[in-house]
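# Understanding the architecture of this molecule
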Amino acid sequence: MNKFVSLRLRWLSLSAFWFAAWAIAAPSSAIASVARTSEIQPESSSLNQTASLLLAQDSATAQLDSIQATTDGFFIRTRGAAPLIEMPRQPNSERMTFIVENGALSSQFNPATLPQNINGVSQWTVTALEDGGLEITLDLAAEGVTWQASASPLGGIVIIPVSGRSNIINFQATETPTEAVAAPAVIQSITVSPTGILQIDADSPFTTEESWDRATAYYRIVIPNARLGEGVLSPAVPANSALLRVTVSQDGDSVVVLAQPAAGVFVVGGTMLADQQFALELDQNGRRVPLARNGDIDTSSGELPDLSDQTLVVVLDPGHGGTDPGAVGINGLSELDVVLPVAQEVAAILEEQGVSATLTRTNDSQTIDLAPRVQTAERADADLFVSIHANAISMSRPDINGIETYYASDRGRPLAQAIQSNMVELTGMRDRGIKTARFYVIVNTSMPAVLVELGFVTGSEDAPLLSDPAVRSLMAEAIARGILEYAEQNF
């Protein structure tokens, strides 16, 4: 082979390599564009063949999304091709290793969510092999237990103990404190909130038995001595929630509910909100998905600071009103539908904690300019000013979501941070951070002032949450908590 041919082949090889790397991240339209260009430049046909090969290889890959603990052991959620598993002989009882020959880590995989120190396994190690595939290792805390990994017929990998101590997993049923009744409980509703919380309501007290369904990797909730009420069906699951799917059925004298969590979501377990009301608690990416009890504020984040020994005055400013409707978003959701209810709940919480709260407007028919809002705060000699709004962007950008809080001066920054942190923690919504801005109402007030954007009425994630009174109650608690924490430290 002469030097020119050798250099030519090397150039083609490098070109194919860089195109391959680009093809993995590029949209299909971009790859199609290269294919059309090849009609003019025949030499690029080899590159198109490389891209086709990469795409074909990707479709033959089992992409690992997450590893979740189950009642029996563990379930590895995968996408794409069925996983091909090789189980080498285990050298000792302290470690179990297997190889997914066609495995690869997906973009959703987060090592921080691996279920460490649970079900007799102290640690997981997931390693991408140089020649392709994944090596998965379980460091075993429970001695004398033999584990088996096998592909589920419905996708994914099931890992269960096949010999040795079988009681490494302690199962507990969720029960109501009341005595069981002879008549079957009638399940009146089964719903999934915008955040993904599964809630079951009945006409009388009931108990539940919970476990993981090994065949489907669904979380299984059995309600014995119960029947479905008329018209109670499998609930619709909102887009982008913590649950992907929920099915409901009558199985003899029991009602069976199966729930499939999304990637990165772990099932904490069921909890009885009341004798006749059950909710499934979830953990999403290390953060507990908030619950709302009977539509009330969930104060599970702790007691609110009591400032009744102070004379603190806070002015709350629900944005827009009257002839100014504010932003309008998905399904006609208006900013007016959101900001006044939240502001009113914030005021009620503050008053309960000993803070005097004043609203710049008390109904949606009032049209108030910006200057009078500032004057209300100044006349009240307010210690703090909080303006409450809902964000919006083009309806063509439903991907833009999240909470953000604005301040205009250094005096407002700590208040903005306190409110923003609590909003993100309690609601689990996207954190767009605190920002500076020259909004009239926070520039022209003499006290520390902030403007809170509760979320995007145009956002596919935020709009359903802003429409939910229970989530709005959580937002109100978060804002009130931020105000109280700031005041406790600064007054």
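### Quick word on the confidence of the model for the protein
Here the protein averages 79 in pLDDT, and 77% of its residues register 70 or above. Residue range residues 165-181 is modelled with pLDDT below 50. Its contacts to residues more than four positions away, or to other chains, number 38 contacts.

### Considering the environment of Ala217
Mapped onto the fold, Ala217 is located in the loop between strand E12 (209-213) and strand E13 (218-223). Residue class for Ala217 comes out buried when judged on its relative accessible area of 3%. Ala217 has contacts with Phe75, Arg77 and Trp212, leaving out every residue within four places of it along the chain.

### Here's the deal with the packing of aromatic side chains
What the rule picks out here adds up to five aromatic pairs. Arranged with centres 4.9 Å apart and planes meeting at 80°, the rings of Phe74 and Trp124 form a pair that is edge-to-face. You can see Phe74 sitting in strand E2 (residues 74-80) and its partner Trp124 sitting in strand E6 (residues 121-128), a full 50 residues away along the chain. Taking 5.2 Å as the distance between ring centres and 85° as the angle between the ring planes, the aromatic pair formed by Tyr406 and Phe439 counts as edge-to-face. With Tyr406 in strand E23 (residues 403-407) and Phe439 in the loop between strand E24 (431-436) and helix H7 (440-443), this pair connects stretches of sequence that are 33 residues apart.

### Things to note about the nonpolar core
Ranked by size, the top nonpolar core spans 49 residues in total, and within it Val346, Leu350, Val386, Leu454, Ile479 and Ile483 carry the most contacts. The element best represented in this core is helix H9 (residues 469-490), accounting for ten residues. Beyond its immediate chain neighbours, meaning those up to four positions away, Val386 contacts Val315, Leu316, Asp317, Leu415, Ile419, Val450, Val452, Ile479 and Ile483. Counting residues in each nonpolar core, the second largest holds 28 residues, with Leu198, Val246, Val255 and Ala259 among its members.

### Topic: the sheet that holds strand E20 (residues 313-318)
Strand order in the open sheet formed by six strands is E21-E20-E22-E25-E23-E24, with mixed pairing between adjacent strands. Edge positions in the sheet fall to strand E21 (356-359) and E24, since each has one partner strand and no second. Mean inter-strand twist for the sheet, computed between neighbouring axes without regard to direction, equals 20°. Examined bridge by bridge, E20 and strand E22 (residues 384-391) share five bridges and lie parallel to one another. Across the sheet, the residue bridging to Val315 is Phe385, located in E22. Running at roughly 165° to E20, helix H4 (residues 336-352) makes contact with E20, E21, E22 and strand E25 (449-456) of the sheet. Helix H6 (residues 413-427) rests against E22, E23, E24 and E25 of the sheet, and its axis sits at about 170° to E23.

### Considerations on the pairing of strand E10 (residues 185-192)
Summarising the sheet, E10 and strand E14 (residues 226-228) pair through three bridges and their orientation is parallel. Along E14, the bridge assignment pairs Val186 with Arg227. Both E10 and strand E11 (residues 198-202) contribute to a ladder of five bridges, which runs antiparallel. Bridged to Ile190 within E11 is Ile200.

What counts and what doesn't
- Residue indices begin from 1 for each chain and proceed along its sequence in written order.
- Given that this is a predicted model, residues contribute local features only at a pLDDT of at least 70 and side-chain atom pairs are listed and counted only at 80 or more, while totals for whole chains, interfaces and linings are drawn from all residues.
- In computing side-chain properties, one takes all heavy atoms of the structure into account and sets aside hydrogens as well as water.
- One number per residue, pLDDT, summarises how confident the predictor is, and it ranges from 0 to 100.
- Note on contacts: a residue pair qualifies if any of its non-hydrogen atoms lie within 4.5 Å across the two residues.
- Counting from the N terminus, the helices are the DSSP runs of H or I reaching at least four residues and the strands are the DSSP runs of E reaching at least two.
- Burial classes follow relative accessibility: with a 1.4 Å probe on protein chains only, a residue under 20% of its type's maximum area counts as buried, one over 50% as exposed, and anything between as partly exposed.
- Aromatic contacts are taken between Phe, Tyr and Trp rings whose centres are within 6.5 Å, Trp giving its six-membered ring; a plane angle under 30 degrees counts as stacked, one over 60 as edge-to-face, and the others as tilted.
- As used here, the term nonpolar core means buried Ala, Val, Leu, Ile, Met, Phe, Trp, Tyr and Cys residues forming a set that is joined through side-chain atoms within 4.5 Å.
- Strand pairing is defined by DSSP finding a minimum of two bridges between the two strands.
- Here an angle of 0 to 180 degrees is reported between the N-to-C directions of two axes, which are lines fitted to C-alpha atoms, with helices fitted over the stretch in contact.

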